[in-house]
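Chain and residue survey
Now for the letters of each chain:
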Amino acid sequence: MEDTFGRNIRYLRLSVTELCDLRCRYCMAEEGVCKRGHEELCSFEELRDFTAAAAALGVTKLRVTGGEPLVRRGIVELCAMLRAVPGIEELCLTTNGTRLEQLAAPLKAAGVDRLNISLDTLRPERYREITRTGKLENVLRGIEAAERAGFENIKLNCVLLGGMNDDEIGDFVRLTAKKPWQVRFIELMPMGVCAAWPPERFLPAQEVLSRVPELRPAGRSGVAQLYLLPGAAGTVGLIEPMSCAFCADCTRIRITADGKLKPCLHSDAELALRGLSSAELEAAIRRGILMKLARHRMDETGVTETHRGMFAIGG
Ligand code: SAM
Ligand code: SF4
């Protein structure tokens, strides 16, 4: 359905957990999140019912996210359940990739159409430093497993961290010369633990073009402005949330793992969805869509208005 600004809302980002096996410094505190009791986490049936109500209102694309979605027990069965919801035409999943080596093939068989894999560095020691706990080789093996399982158009998400990984921009771009991937550079947003970071950590994505002047414009894909190295197999995407470049085209809503509808990533407005009948769910999601604002104000204020960290929303 359309929101009050004529945007056709057809994309739901559904968080299935707040827990994660990594502790990326910009996303989570070292001690992680307090473990919620089982009853606080939405059940598979609840997640399916939210998805069905959103689909009844015109949502066709679903992204499963988290926390780390692949740490949720039964994630493969959950994906199969969500893919079977009438009206859902595309099921995507965003993951840190650490468990993909085991799960890529089952996820493909369960009907997951596309994967976004987060990777902020190609250097093993730095990977451990940024994620506090992770091993780069697990993710690299996970990406290989995803390719073997037949996933196409794999997207690698790299958050630009000034002074921490910007010296690898060229290395990431060069991956696209041979691999048919979309390497996406995402501007760091001042949310949760990184909200207090110094300004030099926050780089505009346009920095990528200064560092790699050979990149040529190649159109747009969703929220990403695309570029291409001449003759490359893959593409480079720039995602610029801080500049508000894509609010006008925002077709998304989000549902958190504790069952709150978020009309906008950067607003604190939330609607509780748990315990509602399917008619009530549809009415609540309709209300949420109509609450979407024209745009966030982060480019003016430099701060987000949401109190949640990214792990508690899903990106
Ligand atoms: N755990 C999964 C992963 O890392 O892909 C899914 C959830 S994670 C919150 C989704 C995406 O949000 C990741 O690509 C992560 O790098 C990104 N992210 C987390 N905090 C961010 C921030 N403050 N600004 C920009 N992107 C952020
Ligand atoms: Fe976990 Fe993803 Fe946050 Fe990293 S970005 S801590 S992998 S939820």
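Reference entry: report on the structure contained in this document.

Parameters at a glance
- Residues numbered from 1 in each chain as written.
- Chains lettered and ligands numbered in written order.
- Predicted model: local features only at pLDDT ≥ 70, side-chain atom pairs only at ≥ 80, totals over all residues.
- Heavy atoms only, no water.
- Helix = DSSP H or I, 4+ residues; strand = E, 2+ residues; numbered from the N terminus.
- Rg over C-alpha atoms; globule rule 2.2 N^0.38 Å.
- Buried < 20%, exposed > 50% of the residue type's maximum accessible area, 1.4 Å probe, protein only.
- Areas by Shrake-Rupley, 256 points an atom, 1.4 Å probe, with all protein chains shown as cover.
- Phe/Tyr/Trp six-rings, centres within 6.5 Å; stacked < 30°, edge-to-face > 60°.
- Lys NZ or Arg CZ within 6 Å of the ring centre and 35° of its normal.
- Axes fitted to C-alpha atoms, helices over the stretch in contact; angles between N-to-C directions.
- Parallel < 35°, antiparallel > 145°, perpendicular 65-115°, else oblique.
- Left-handed = near helix turned anticlockwise from the far one by under 90°.
- Contact = heavy atoms within 4.5 Å.
- Polar contact = N/O pair within 3.5 Å; in protein donor to acceptor, adjacent residues only side chain to side chain.
- Core = buried A, V, L, I, M, F, W, Y, C linked by side-chain atoms within 4.5 Å.
- Salt bridge = Lys/Arg side-chain N within 4 Å of Asp/Glu carboxyl O.
- Pairing = 2+ DSSP bridges.
- Near = heavy atom within 4 Å.
- Nonpolar A, V, L, I, M, F, W, Y, C, P; charged D, E, K, R; others polar.
- Lys, Arg positive; Asp, Glu negative; His and termini not counted.

1. A word on the overall build of the protein chain
- Along its length, the protein chain carries 9 helices and 12 strands.
- On C-alpha atoms alone, the protein chain measures out to a radius of gyration of 19 Å, which is about the 20 Å that the 2.2 N^0.38 rule sets for 315 residues.
- Its C-alpha atoms give the protein chain principal-axis dimensions of roughly 55 × 45 × 40 Å.
- Counting only residues that meet the buried cut, the protein chain has 55% of its 315 residues in that class.
- Taken as a whole, the protein chain presents about 13400 Å² of accessible surface, with 52% of it coming from carbon and sulfur.

2. Considering the packing of aromatic side chains
- Counted according to the given criterion, the structure contains 1 aromatic pair.
- Measuring from ring centre to ring centre gives 6.2 Å for Phe172 and Phe185, while their planes differ by 85°; the resulting arrangement is edge-to-face. Separated by 13 residues along the polypeptide, Phe172 in helix H6 (residues 169-178) and Phe185 in strand E6 (residues 182-187) bring together distant segments of the chain.
- The cationic tip of Lys61 hangs over the ring face of Tyr11; the distance from NZ or CZ to the ring centre is 4.4 Å.
- We note Lys108 situated over the ring of Phe151; from NZ or CZ to the ring centre the distance is 5.0 Å.

3. Structural notes on the packing of helix H3 (residues 100-109) against helix H5 (residues 136-148)
- Between H3 and H5, whose axes approach to 8 Å, the crossing angle comes to 20°. Between H3 and H5, the interaxial angle falls into the category roughly parallel. Crossing geometry of H3 relative to H5 is assigned as right-handed. Contacts between H3 and H5 involve Leu100, Glu101 and Ala104 from the former and Arg141, Gly142, Ala145 and Ala146 from the latter.

4. Quick look at the side chain of Arg114
- Position of Arg114 among the secondary structure elements: in strand E4 (residues 114-118).
- A polar side-chain atom of Arg114 sits 3.0 Å from a polar atom in the side chain of Glu90.
- If we skip the residues at most four places from it in the chain, Arg114 touches Lys61, Arg63, Glu90, Leu91, Cys92, Leu93, Phe151, Glu152, Asn153 and Lys155.

5. Observations regarding the nonpolar core
- Ranked by internal contacts, the top residues of the largest apolar core, which has 93 residues, are Tyr26, Ile75, Leu107, Val173, Phe185 and Val208.
- Considering every element that reaches this core, the biggest residue donor is helix H1 (residues 44-56), with 6 residues.
- If we ignore the near neighbours within four places in the chain, the residues touching Val208 are Leu160, Ile169, Val173, Phe185, Leu215, Val236 and Leu238.

6. Quick look at the pattern of salt bridges
- Per the stated rule, a full pass over the model turns up 24 salt bridges.
- Its salt-bridge partner being Asp258, residue Lys260 comes within 3.8 Å of it at the nearest N-O pair.
- Through salt bridges with shared partners, a single network forms among Glu18, Asp258, Lys260, Lys262, Glu270 and Arg308.

7. Let's talk about the sheet that holds strand E10 (residues 252-255)
- With mixed pairing, 12 strands are arranged side by side in an open sheet as E7-E8-E9-E6-E5-E4-E3-E2-E1-E10-E11-E12. At either margin of the open sheet sits one strand with a lone partner, and together these are strand E7 (216-221) and strand E12 (271-272).
- As defined by bridge partners, strand E1 (residues 11-15) adjoins E10 across 4 bridges and the pair is classed as parallel. The residue of E10 that forms the bridge with Leu12 is Ile253.

8. As for the site of ligand 2
- Inspection of the region around ligand 2 gives Cys20, Leu22, Cys24, Cys27, Gly67 and Asn96 as its neighbouring residues.
- Tallied by class, residues from the shell around ligand 2 come to 4 nonpolar, 2 polar and no charged.

9. Quick word on the site of ligand 1
- In the region of ligand 1, 17 residues are neighbours, and Tyr26, Gly67, Glu68, Ser118 and Met189 sit closest.
- The side chain of Tyr26 places a nitrogen or oxygen atom 2.8 Å from an oxygen atom of ligand 1.
- Within the complex, the protein chains bury 94% of what would otherwise be the 550 Å² of accessible surface of ligand 1.
- Taken together, the elements giving at least two residues each to the shell around ligand 1 come down to strand E3 (90-95) and strand E5 (155-160).
- Of the residues contributing to the shell around ligand 1, the split by class is 6 nonpolar, 9 polar and 2 charged.

10. Notes on the side chain of Arg252
- Residue placement: Arg252 occurs in strand E10.
- This buried residue, Arg252, is left without a salt bridge; Asp249 holds the nearest opposite charge, at 11 Å.
- Not counting residues up to four positions away in its chain, the partners in contact with Arg252 are Ile9, Tyr11, Arg13, Val223, Pro263 and Lys292.

11. Some thoughts on unusual backbone geometry
- Here the phi dihedral of Arg132 falls at roughly 70°; this positive angle occurs in a residue that is not glycine.
- You can see Arg132 is positioned in the loop between helix H4 (124-131) and H5.
- Although it is not a glycine, Asn153 adopts a positive phi angle of roughly 50°.
- Take Asn153: it is sitting in the loop between H5 and E5.

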